[in-house]
Each structure stands twice: as structure tokens, then as C-alpha cells.
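# Structural description and commentary
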Amino acid sequence: LAEVGRRNDAVPVSEEAVGLYRELVELNRDAHLPNLAMAVNNHAIRLAEVGRRNDAVPVSEEAVRLYRELVELNRDAYLPDLAMAVSNHANRLAEVGRGDEAVPVSEEAVGLYRGLVERNRDAHLPDYVQSVVARAYVLVEDSRFRAAVPLLIEASTAAKGLPEYLAQPIIGAVAGLLRRAYAGDATAVADEFRRVTGQDVSDWLKDLPSAPAGEGE
């Protein structure tokens, strides 16, 4: 439903799915816990999509807890899912102004994805780059504009090695976040951009941002 624009209709459906999987977990926790974790994670996203961001935070937090439990049982199988859930939870925290909490959570997500890339670069590089953008988004939301710049440059550089269909959304998100950062603190961002790249900021960076970018899921 959410994929065809019926986001408000999707919320009670995702909530029902969570309820059903909770019943199944009561019957057989080992068999159904992965499905419950996935359903809880999806429900948090659905809530955020319809503006129920405060409601989404404890749900995304539960998803992280469930995936941590699964990682304890089978690290190789569920570590990618945990990384995804942690990154999503950081976004949910940032969306409700809990930046001090979101920043370390987003850092954990990047660290998890970095570890996955070291094991299988081709499989996990796109998710790693997206997690870097998500961390930069959290920093921008928390008005840490200078700190976001190196991450955004890293993501932009890494995206050039991805297939175009993956790279273009990332590059677009990077551009939007750089504009937001520059609008927030032009001097600091220009200085950091120059320090990292050895170049002055481009004129396009000075354009006012039209909308927030980089949230990810």
C-alpha cells in the first residue's frame, strides 16, 4: 500500500502484521522472531511516512533490540539487518529532534556497515554509502554542519563507483544536504569543504535548499 501512495492505509495493515507475528513468536520464538523484527522495522517506517514520528521512535528502537537478539543467535545472517535497523533508528531519533541520541546511533550504523564492507565489498558497499549519507543527515539535523561535510564528500566519491541507478539518488541526497549545511553555516562549511577537497565551494552549493534530503528509510 505504501509503495502505491496509500501510506495512511498502510499503517493499520503494518500494525496488524506486527500483532500477528507477536502471536506467532509466542508459539515458536525461534521460528518467527526474524519475521517479527522485519515487521516491526517496517511499521516504524510506515509511521514515520505519515508524520507519526514520535510514535515511530519506540517502534524502531524495538526493531533494533530484536535484531540484536537475532545477531546473538546468528551473526552472519542478521548483521546486515541490524545495521539497517540501527541506521533507521538514528533517522527516527533525528526526526524528532533527539540529535544527541541520534549521532552515536548513526555512528554505530556506519561502523556496522564498514565491517560488512570489509567482508564483502560488492554486496554491502551501496548500503555503507547510504549509511554515511544517513549519518550526515543526522548531523545536519543536529546543526553539526561542519562535521557533516567530510561524510558527504566521502559518500559522493564512493557513489561514483556504484551503478548509476544506485549512485544518482545518493548524489542527489548529498547535494541537498550540502546545500542545507551551507545554508546553516556558510563559513564553517566552506572552510571544511576546502580543507577536505582543496577546492572552494561551487556556486551550486550556495543555492538555497528546496527541501530536506538524505533521510533514507
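The structure displayed is predicted, hence computed values, not measured ones.

## Side note on the layout of surface pockets
The calculated volume of the second largest pocket comes to roughly 290 Å³. Along its surface, the second largest pocket is lined by 15 residues, and I153, S156, L178, F193 and W204 are the ones closest to its centre. Residue assignment for the lining of the second largest pocket shows that the elements contributing at least two residues are α7 (145-159), α8 (164-184) and α9 (186-197). Taken together, the residues of the lining of the second largest pocket break down into 8 nonpolar, 5 polar and 2 charged.

## Some points on unusual backbone geometry
One non-glycine residue, S143, adopts positive backbone phi at about 60°. If you trace the backbone, S143 turns up in the loop between α6 (121-141) and α7.

## Brief notes about helix α3 (residues 53-73)
Over its 21 residues, α3 runs 31 Å from end to end, which matches the ideal 30 Å to within 8%, given 1.5 Å per residue. Within the span of α3, buried status applies to A56, V57, V59, S60, E62, A63, V64, L66, Y67, L70 and V71. Packed against the buried residues of α3 are α1 (7-27), α2 (29-49) and α4 (75-95).

## Overview of the side chain of H124
By the element assignment, H124 lies in helix α6. On the basis of relative accessible area, H124 is assigned to the buried category, the value being 15%.

## Structural notes on the packing of α7 against α8
As a packed pair, α7 and α8 sit with axes 9 Å apart at the nearest point and diverge in direction by 160°. By the criterion of interaxial angle, the relationship of α7 to α8 is roughly antiparallel. For the pair α7 and α8, the sense of crossing is left-handed. Listed contacts from α8 to F145, L152, A155, S156 and A159 of α7 are A167, I170, I171, V174, L177, L178, R180, A181 and G184. A class-by-class count of the residues in the contact of α7 with α8 yields 11 nonpolar, 2 polar and 1 charged.

## Here's the deal with the nonpolar core
Membership of the largest hydrophobic core comes to 70 residues, with the highest contact counts inside it found for L82 and Y128. For this core, the element with the most residues is α6, which contributes 10 residues. The contacts of L82, once residues within four sequence positions are left out, are V64, Y67, R68, V71 and L112.

## A few points about the environment of L73
As for its placement among the helices and strands, L73 is situated in helix α3. Of the residues examined, L73 reaches a relative accessible area of 61% and is grouped as exposed. Between the C-alpha atoms of L73 and R180, which are 107 residues apart in sequence, the distance is 41 Å.

## Focus: the environment of E26
Tracing the backbone through its elements, the reader meets E26 in helix α1. A residue is classified by how much of its surface remains accessible, and E26, at 69% relative accessible area, is exposed. For the pair formed by E26 and P126, sequence separation is 100 residues and the distance between their alpha carbons is 36 Å.

## Topic: the pattern of salt bridges
A complete count under the given rule lists 15 salt bridges for this structure. In this structure, the salt-bridge partner of D76 is R119, at a minimum N-O distance of 3.2 Å. Highlighted residues: D76 in helix α4 and R119 in helix α5 (residues 99-119), separated in sequence by 43 residues. Among the residues examined, D76 registers a relative accessible area of 56% and is labelled exposed. R194 is the salt-bridge partner of D191, the closest N and O atoms lying 3.2 Å from each other. Note that D191 and R194 are positioned in helix α9 at a spacing of 3 residues, about one turn of the helix. Residue class for D191 comes out partly exposed when judged on its relative accessible area of 34%. For R194, a relative accessible area of 37% puts it in the partly exposed group. The network of salt bridges with common partners includes D100, D142 and R144.

## Details of the packing of α5 against α6
Their axes nearest at 8 Å, the elements α5 and α6 cross at an angle of 165°. Relative to α6, the element α5 is oriented roughly antiparallel. Seen from above, α5 lies across α6 with left-handed handedness. Packed against α5, whose contacting residues are A102, V103, S106, E107, A109, V110, Y113, R114, L116, V117 and R119, the element α6 presents R121, H124, L125, D127, Y128, S131, V132, R135, V138 and L139 at the interface. Of the residues belonging to the contact of α5 with α6, the class tally is 12 nonpolar, 3 polar and 6 charged.

Thresholds, definitions, all that
Residues numbered from 1 in each chain as written. Predicted model: local features only at pLDDT ≥ 70, side-chain atom pairs only at ≥ 80, totals over all residues. Heavy atoms only, no water. 1 Å grid on protein atoms, 1.4 Å probe; cavity = no way out; pocket = protein on both sides within 12 Å on 5 of 7 lines; lining within 4 Å. Points joined across faces, edges and corners; volume = space filled by probe spheres on them. Helix = DSSP H or I, 4+ residues; strand = E, 2+ residues; numbered from the N terminus. Nonpolar A, V, L, I, M, F, W, Y, C, P; charged D, E, K, R; others polar. Expected span 1.5 Å × (residues − 1). Buried < 20%, exposed > 50% of the residue type's maximum accessible area, 1.4 Å probe, protein only. Contact = heavy atoms within 4.5 Å. Axes fitted to C-alpha atoms, helices over the stretch in contact; angles between N-to-C directions. Parallel < 35°, antiparallel > 145°, perpendicular 65-115°, else oblique. Left-handed = near helix turned anticlockwise from the far one by under 90°. Core = buried A, V, L, I, M, F, W, Y, C linked by side-chain atoms within 4.5 Å. Salt bridge = Lys/Arg side-chain N within 4 Å of Asp/Glu carboxyl O.

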